[in-house]
Amino acid sequence: MDLRLTPEERAFRDEVRAFIRDNLPTDTRERMRLGYSPRKQDTVAWQRILNKKGWAAISWPKEWGGPGWSAVQRMIFIEENQAAPAPELLSFNITMIGPVLIQFGTEAQKSRFLPRAANLDDWWCQGFSEPGAGSDLAALKTAAKREGDHYIVNGSKIWTSTAHNADWCFVLVRTNPNAAKRQEGISFLLVDMKTPGITVRPIVSIDGAHHLNEVFFDDVKVPVEMRVYEENRGWDVAKFLLGNERTGIARLGKSRERVAAAKEAARSVRFNGRPLIEDAAFRQRVVQLEVDMKALQITQYRVVSAGAKKSDGRPDPLSSVLKVKGTELLQATTELAMDTAGPLAMPIWAQELAEMANEPDMLAEAAEQATGNYLFLRAASIYGGTNEIQKNILSKAVLRL
Amino acid sequence: MDFDLSDDQRLLADSVTRLMADRYGFEARKGFVKQDTGWSAEMWGRYAELGLLGLPFAEEHGGFGGGPVDVMLVMQEFGRALALEPYLATVVLGGGAVRLAGSAAQQAAILPAIAEGGLKLAFAHSEREARYDLADVQTTAKRANGGWVLDGAKSVVLHGDSADKLVVSARVKGERDDPDGIGLFLVDAGAEGLARRGYALRDETRAAEISLTNVVAAEILGEPGAAFGTIARVVEAGIAAMGAEAVGAMETMQSMTLEYSRTREQFGKPIGTNQVVQHRLSEMLMALEQGRSMAMLAAMSVDEPDAAERARAISMAKIGFGQAARFVSQQAIQLHGGIGMTEEYAVGHYFRRALVIEHTFGDTAYHLARLAAEVE
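From a predicted model like this one, the values you see are computed outputs, not experimental measurements.

On a plain count of helices and strands, chain B comes out with 11 helices and 10 strands. Its C-alpha atoms give chain B a radius of gyration of 21 Å, near enough to 21 Å, the size a compact globule of 376 residues would have. Based on the C-alpha atoms only, the size of chain B along its principal axes is roughly 80 × 50 × 40 Å. Looking at the 376 residues of chain B, the share that counts as buried comes to 60%. The long-range share in chain B, meaning contacts at least 24 apart out of those at least 6 apart in sequence, stands at 73%. Accessible area for chain B stands at about 14900 Å²; split by element, carbon and sulfur atoms hold 50% of it. Computed over 36 positive and 51 negative side-chain charges, the inter-centroid distance for chain B is 5 Å.

A few words now on the overall build of chain A. Tallying secondary structure elements over chain A gives 13 helices and 10 strands in all. Compactness check: chain A gives a C-alpha radius of gyration of 22 Å against a globular reference of 21 Å for 401 residues, within 12% of the reference. In terms of overall dimensions, chain A has a C-alpha envelope of 75 × 55 × 45 Å along the principal axes. In chain A, which comprises 401 residues, the proportion classed as buried is 52%. Long-range contacts, defined as pairs at least 24 residues apart, comprise 73% of the intrachain contacts of chain A with a sequence gap of at least 6. Accessible surface computed for chain A: about 18000 Å², of which carbon and sulfur atoms make up 52%. Taking the average place of the 53 positive charges on the side chains of chain A and the average place of its 50 negative ones, the gap between the two points comes to 5 Å.

This next bit is on the interface of chain B and chain A. Of the residues lining the interface, 41 residues belong to chain B; the matching set on chain A comes to 43 residues. Of the roughly 3800 Å² buried where chain B meets chain A, counting both sides, 65% is carbon and sulfur surface. The three residues of chain B that bury the most area against chain A are Met 1, Phe 3 and Met 286 of chain B, which together make up 21% of that side's buried surface. Put simply, chain B and chain A have 3 salt bridges between them. Put simply, Arg 302 of chain A and Glu 289 of chain B hold a salt bridge, and the shortest N to O gap is 2.4 Å. Run the count over chain B and chain A and you get 18 residue pairs in polar contact (both at pLDDT 80 or more). Residue assignment for the side of chain B that touches chain A shows that the elements contributing at least two residues are helix H4 (68-81), helix H7 (228-263), helix H8 (275-301), helix H9 (307-336) and helix H11 (364-372) of chain B. Sorting elements by how many residues they give to the side of chain B that touches chain A places H8 of chain B first, with 16 residues. Residues that form the side of chain B that touches chain A fall into these classes: 21 nonpolar, 11 polar and 9 charged.

Here we take up the pairing of strand S7 (residues 210-223) of chain A. Residues and elements named next belong to chain A. Here 8 bridges tie strand S3 (residues 150-158) to S7, and the two strands are oriented antiparallel to one another. Looking at S7, one finds that Tyr 151 is bridged to Val 222. With 7 bridges connecting them, strand S6 (residues 198-204) and S7 associate as antiparallel partners. Bridged to Ile 203 within S7 is Leu 212. Count of turn residues in the S6/S7 antiparallel hairpin: 5 residues, of which Gly 208 carries a positive phi of about 80°.

Residue and element names in this part refer to chain A. The domains assigned to chain A are domain 1 (7-89), domain 2 (124-233) and domain 3 (246-398). A C-alpha centroid distance of 19 Å is found between domain 1 and domain 3. Contact with domain 1, which involves 16 residues of that partner, is made by 19 residues of domain 3. Roughly 1500 Å² is buried in total at the junction of domain 1 and domain 3, and carbon and sulfur atoms are behind 55% of that figure. On the domain 1 side of the contact with domain 3, Leu 34, Met 75 and Glu 79 bury the most area, a combined 38% of that side's loss. Between Glu 88 and Arg 251 there is a salt bridge, with the nearest N and O atoms lying 2.5 Å from each other. On inspection of domain 1 and its partner domain 3, the count reaches 7 residue pairs in polar contact (both at pLDDT 80 or more).

To continue, consider the nonpolar core. If you look at the biggest cluster of nonpolar residues, it comprises 182 residues, and the most contacted ones within it are Phe 170, Phe 188 and Leu 190 of chain A together with Met 20, Tyr 47, Phe 78 and Tyr 87 of chain B. Top contributing element to this core by residue count: helix H9 (residues 280-309) of chain A, with 12 residues. In contact with Phe 188 of chain A, not counting residues within four places along its chain, are Ile 97, Val 100, Phe 128, Phe 170, Val 171, Leu 172, Met 226, Arg 227, Val 228, Gly 234, Val 237 and Leu 241 of chain A. Within the second largest apolar cluster, 29 residues are counted, among which are Leu 394 of chain A together with Leu 288, Ala 332 and Ala 354 of chain B.

For the rest of this paragraph, the subject is the domain arrangement of chain B. All names here are of chain B. You can read the domains of chain B as domain 1 (7-119), domain 2 (122-225) and domain 3 (229-372). A straight line from the C-alpha centre of domain 1 to that of domain 3 covers 22 Å. Each partner contributes residues to the interface: domain 1 has 21 residues there, and domain 3 has 28 residues. Together, the buried faces of domain 1 and domain 3 total about 1800 Å²; carbon and sulfur atoms form 74% of this surface. Of all residues in domain 1, the largest losses of buried area upon contact with domain 3 belong to Pro 68, Met 72 and Leu 82, amounting jointly to 26% of the total for that side. Arg 80 is the salt-bridge partner of Glu 251, the closest N and O atoms lying 2.5 Å from each other. Applying the counting criterion to the domain 1 and domain 3 interface returns 2 residue pairs in polar contact (both at pLDDT 80 or more).

All right, on to the pattern of salt bridges then. Tallied over the full model, the rule gives 49 salt bridges over all chains. Here Glu 79 of chain A ties to Arg 256 of chain A by a salt bridge, and the two come within 2.7 Å at their closest N and O atoms. Within this pair, whereas Glu 79 of chain A is found in helix H4 (residues 71-83), its partner Arg 256 of chain A is found in helix H8 (residues 252-268), the two being separated by 177 residues in sequence. Here Arg 10 of chain B ties to Asp 7 of chain B by a salt bridge, and the two come within 3.1 Å at their closest N and O atoms. Within this pair, Arg 10 of chain B and its partner Asp 7 of chain B are both found in helix H1 (residues 7-23), separated by 3 residues, close to a single helical turn. Judged by its relative accessible area of 41%, Arg 10 of chain B falls in the partly exposed class. In this structure Asp 7 of chain B comes out as exposed when scored by relative accessible area, which is 59%. Each of Arg 302 of chain A together with Glu 77, Arg 80, Glu 251, Glu 289 and Arg 292 of chain B takes part in one network of salt bridges that share partners.

Rules and cut-offs
Residues numbered from 1 in each chain as written. Chains lettered and ligands numbered in written order. Predicted model: local features only at pLDDT ≥ 70, side-chain atom pairs only at ≥ 80, totals over all residues. Heavy atoms only, no water. Helix = DSSP H or I, 4+ residues; strand = E, 2+ residues; numbered from the N terminus. Rg over C-alpha atoms; globule rule 2.2 N^0.38 Å. Buried < 20%, exposed > 50% of the residue type's maximum accessible area, 1.4 Å probe, protein only. Contact = heavy atoms within 4.5 Å. Areas by Shrake-Rupley, 256 points an atom, 1.4 Å probe, with all protein chains shown as cover. Lys, Arg positive; Asp, Glu negative; His and termini not counted. Charge placed at Lys NZ, Arg CZ, Asp CG, Glu CD. Buried area = accessible area lost by both parts, 1.4 Å probe. Salt bridge = Lys/Arg side-chain N within 4 Å of Asp/Glu carboxyl O. Polar contact = N/O pair within 3.5 Å; in protein donor to acceptor, adjacent residues only side chain to side chain. Nonpolar A, V, L, I, M, F, W, Y, C, P; charged D, E, K, R; others polar. Pairing = 2+ DSSP bridges. Domains from an automatic or database assignment. Core = buried A, V, L, I, M, F, W, Y, C linked by side-chain atoms within 4.5 Å.

Written out as structure tokens, the structure reads:
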């Protein structure tokens, strides 16, 4: 038993770190250091750089461009990339639709979509949640009626992250409203976002930003060959997708980066006549977060290393621990970064200040983004299966209650 | 990274599990508590037979040559059984001090005797006014007639009442809080001028207050005045061992509570069918797993050569498993309801073991403050 990275794993980490340091575009790094979310062009550019290196389709088999990494290597890469901070691989492409097509797709679907997904030539989004189907996903109502070699899709999806950037959307639709069980009448479709009848309406979230959307489908024609797997078996595909590759779910690199940002800010602001970083209460808060991050990092090692030895391919229910604890940390670390900003946590003025002074005010920008991050990451315990759903999973799958 | 146990380690864990399952039920334990010493001499003999008492010692000293992970496996089982014997005091702490700082002759005289079950030690370091500060030693050691004479008092010495020999820290020079100037001395429990008063801790394990008045110490471990490093390492090993014990205790509290929630019916159904109870049990599970990770960190840091890195990891671990154990044990009583409050029911005993572990060798506040001082 040994918790330390092996010399090979350490060498791999150093290689990843060096590659990111040497290849991440400077303006992307600087914006992200200030706490900005990557822009579409930042994410696209970075994923293409990684793809050229063979490091984009990290969990895919080699024949589809995967690097052939172990689960531990993937975990190291994800954490280093988050902590850099660099734009994360687009999860819709890499951890969702890619593995789904590799597992369930036709040869035509694979060769058409996989290389483009890896290179982010197509930006995918996820059409799962509906106004009446959140945690209870199987309650979805968006209908697809077969007409010849097409489905006609009607309905709406909600909380669709980045739909406004997306070229394609994978959508769960109801193809048999009369199935004995709700789960048995669902199909999984690939929908071109340029298809007539699709309307994307922005939802501005509490951080004032536009990440989320509503997507309306009004007599949208989808060719039958865009269905993945059998008709009415889409629930199997969705379950696979939701359980697949949860290595990055803890997002520890992001939490680490937020603590580093808070410490950095705390060196330059004063509290009781001294730098905030010297304040005992601030320091204890940092330590508590570091302790919790350490525990989660080891728990993640354990889950990942146990998963690598399992052969049934089913997700470890303990990955729910990673989701709950990881998002709690993400929230606690963004909270620390915001609190560090003090009164600067409140205003939305960085742009105005920059225009007035004709140069950016980095402190104001970082503070504004710290609050923005805090606000948006309240969603972390809601998306990807709410933390309450994760506790239901633990209760049933692990505790057998 | 590697979480696998070796075949030997699996064998070790299995044999301890079997021994404790056969002989250390909660009812049997009640009998052990009532013995004069507060623990079972018979079990001590069985530990010796299994090789547990020499586990971390070299083979030439009748030991097993085991590492911190082996100790972790044993302590985890002791945590499940709430073992009362002076294993931590004798093998990990006292034996650890001899192993780390003793001369070849001292090791040869003491370690085999421990391994055979014939000698029990205690680590008499902490003092009433020191709280958790390892450098705060007021007991003095003065040279006299080629030996040393000790004066002072030691407080909450784990299993100090049944030890045959004590490893006593005392200041040979320097100010009260100075890490430099502390020595470690081997003192016979029956030495003239040594008085001890034994008592039970909250968890029914034993400890003692020890006073030293002109006590002649036959031997010193290592160089006079240079023992602080050894003391820190002994305490770190003790923390790691207690982390594993806490995991065993948490596992048992978790499984007892789970079982109770399946069988206890209220309003015509098991209480475990209520979502609020299920989520609480899930939270206990998460805390247990996070605590387990931290206990592993502690075990695997004990032999880390970089002292600062080692101290940091051990402090992080102590905070982590301490908080986890506090949460799990509080929830265990809450979900049991009234029965969890009773002396006759086991869960409250695990609760109190967790409490004692948390307050030994630095509580959460102490380790938080210690790490906070190092934030850069």
